[in-house]
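A look at the structure
Listed here are the chains, written in short residue letters.
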Amino acid sequence: MTTAIIGTGGIGSAIARQLASGGETLRLSSADSESARTLAAKIGHGAVAAAGNRDALQDAGAVVLALRFPVLKGVIDEIAGLLPGKLVVVPSNPVGLDAQGNVVRLLPKGQSSGKVVAGWLPSGARLAMAFGSMSAGLLESSGNRSPEPAVLFYATDDDHAGEEVQRLIRTAGFEPVRVGGIEQSGRLEVGGDLHDLVVGPAEARSLIGGT
Ligand SMILES: NC(=O)c1ccc[n+]([C@@H]2O[C@H](COP(=O)([O-])OP(=O)(O)OC[C@H]3O[C@@H](n4cnc5c(N)ncnc54)[C@H](OP(=O)(O)O)[C@@H]3O)[C@@H](O)[C@H]2O)c1
């Protein structure tokens, strides 16, 4: 299966390596095309750098938007016509840095990036918030853990998107666990109770029911 990854920085490159190691074919794009080309060359067989964001979606059933929150809307607008019928996976957290370099929230308290992104997508695009619930380092060190796999939480309102994102999560070497609909996606974000957790399936399920 082919997945597009737009954004090949910290989290996009980690997701790309995890998916490629599970056999996913990837089409990569970035703001500066050199970044996507370098990552595709490092991953090797199965990953190609696309000619741009729209080109990345060619033949892809899913797209991961591994972008900082402030650039997400512009990229969604650029590729909107190609999104109906596709799974859209968003790992973005609504955070940025202030002038002093401190992490600041970019949305009002209580408003999740999932809710906001859902409002930016064209109808027919199937949104799942996933792959942003742990740091890139943890994602790479926890994938394909044995004997018990680590869990990646996801949130979606759409059952079909749920099946598709479960496949991607398994391909990346994790056990998928649904936290609930998009209204629950704040739990996965920076500051959420399920952020940066590396847990097995039983603990994950008890945490989901636990709050
Ligand atoms: N890093 C983590 O550990 C981590 C973990 C979980 C969630 N997240 C979330 O994931 C999001 C991305 O974080 P990050 O750390 O990966 O950021 P990053 O390292 O700055 O990477 C951002 C990527 O977006 C690309 N980009 C920017 N504008 C673009 C455009 N118009 N079209 C295509 N690509 C564009 C950049 O391209 P260039 O490479 O050419 O500059 C870069 O590859 C954030 O919301 C963050 O909160 C990050």
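Definitions and limits used
Residues numbered from 1 in each chain as written. Predicted model: local features only at pLDDT ≥ 70, side-chain atom pairs only at ≥ 80, totals over all residues. Heavy atoms only, no water. Axes fitted to C-alpha atoms, helices over the stretch in contact; angles between N-to-C directions. Helix = DSSP H or I, 4+ residues; strand = E, 2+ residues; numbered from the N terminus. Parallel < 35°, antiparallel > 145°, perpendicular 65-115°, else oblique. Left-handed = near helix turned anticlockwise from the far one by under 90°. Contact = heavy atoms within 4.5 Å. Nonpolar A, V, L, I, M, F, W, Y, C, P; charged D, E, K, R; others polar. Expected span 1.5 Å × (residues − 1). Buried < 20%, exposed > 50% of the residue type's maximum accessible area, 1.4 Å probe, protein only. Polar contact = N/O pair within 3.5 Å; in protein donor to acceptor, adjacent residues only side chain to side chain. Arc of directions from axis to C-beta. Pairing = 2+ DSSP bridges. Near = heavy atom within 4 Å. Areas by Shrake-Rupley, 256 points an atom, 1.4 Å probe, with all protein chains shown as cover.

**Things to note about the packing of helix H4 (residues 69-79) against helix H5 (residues 113-120)**
The relative placement of two packed helices comes down to the angle between their axes together with the axis-to-axis distance. Viewed as axis vectors pointing N to C, H4 and H5 meet at an angle of 20°, and their least axial separation amounts to 10 Å. Between H4 and H5, the angle is such that the two are roughly parallel. Every pair of crossing elements has a handedness; the one defined by H4 and H5 is right-handed. On the side of H4, the interface is formed by Phe69, Leu72, Lys73 and Ile76, while H5 contributes Ser113, Val116, Val117 and Trp120. The residue inventory of the contact of H4 with H5, partitioned by class, reads 6 nonpolar, 1 polar and 1 charged.

**Some remarks on helix H7 (residues 159-171)**
Residues three or four positions apart in an α-helix share a direction because the helix packs 3.6 residues into each turn. Between its first and last C-alpha atoms H7 spans 19 Å; for 13 residues at 1.5 Å apiece the expected length is 18 Å, and the two agree. Those residues of H7 that sit buried are Ala161, Gly162, Glu164, Val165, Leu168, Ile169 and Thr171. Put simply, aspartate 158 is the residue that caps the front of H7, since its side-chain oxygen is 2.8 Å from the backbone nitrogen of histidine 160. Just beyond H7, the residue with positive phi is glycine 173, at close to 95°.

**Details of H5**
Three or more residues of H5 are buried, namely Ser113, Gly114, Val116 and Val117. Take H5 and look down its axis: the buried residues cluster within an arc of 165°, on one side only. Buried positions along H5 lie against H4, strand E5 (87-90) and strand E8 (126-130).

**A closer look at the sheet that holds strand E2 (residues 25-29)**
Spatial strand order, E3-E2-E1-E4-E5-E8-E9-E10: 8 strands in an open sheet with mixed pairing. At either end of the open sheet lies a strand with only one pairing partner, and these are strand E3 (47-49) and strand E10 (175-180). Recorded for the sheet is a direction-independent mean angle of 25° between the axes of neighbouring strands. Across 4 bridges, the pairing between E5 and E8 is parallel. Bridge pairing in E8 places leucine 87 opposite arginine 126. Packing of H4 onto the sheet brings it into contact with strand E1 (2-6), strand E4 (62-65) and E5, and relative to E4 it is tilted by some 155°.

**Focus on the site of the ligand**
Near the ligand there are 25 residues, and of these Ile11, Asp32, Ser35, Arg68 and Ala136 occur at the shortest range. The side chain of asparagine 53 places a nitrogen or oxygen atom 3.0 Å from a nitrogen atom of the ligand. One of the backbone N or O atoms of leucine 67 is found 3.4 Å from an oxygen atom in the ligand. Considering the ligand on its own, with 900 Å² of exposed area, one finds that the protein chains cover 74% of that surface. Among the secondary structure elements, those contributing two or more residues to the shell around the ligand are helix H1 (10-21) and H4. With 3 residues, the single largest contributor to the shell around the ligand is H4. Among the residues making up the shell around the ligand, the classes are represented as 12 nonpolar, 11 polar and 2 charged.

Purely spatial values, then, with no claim about function.
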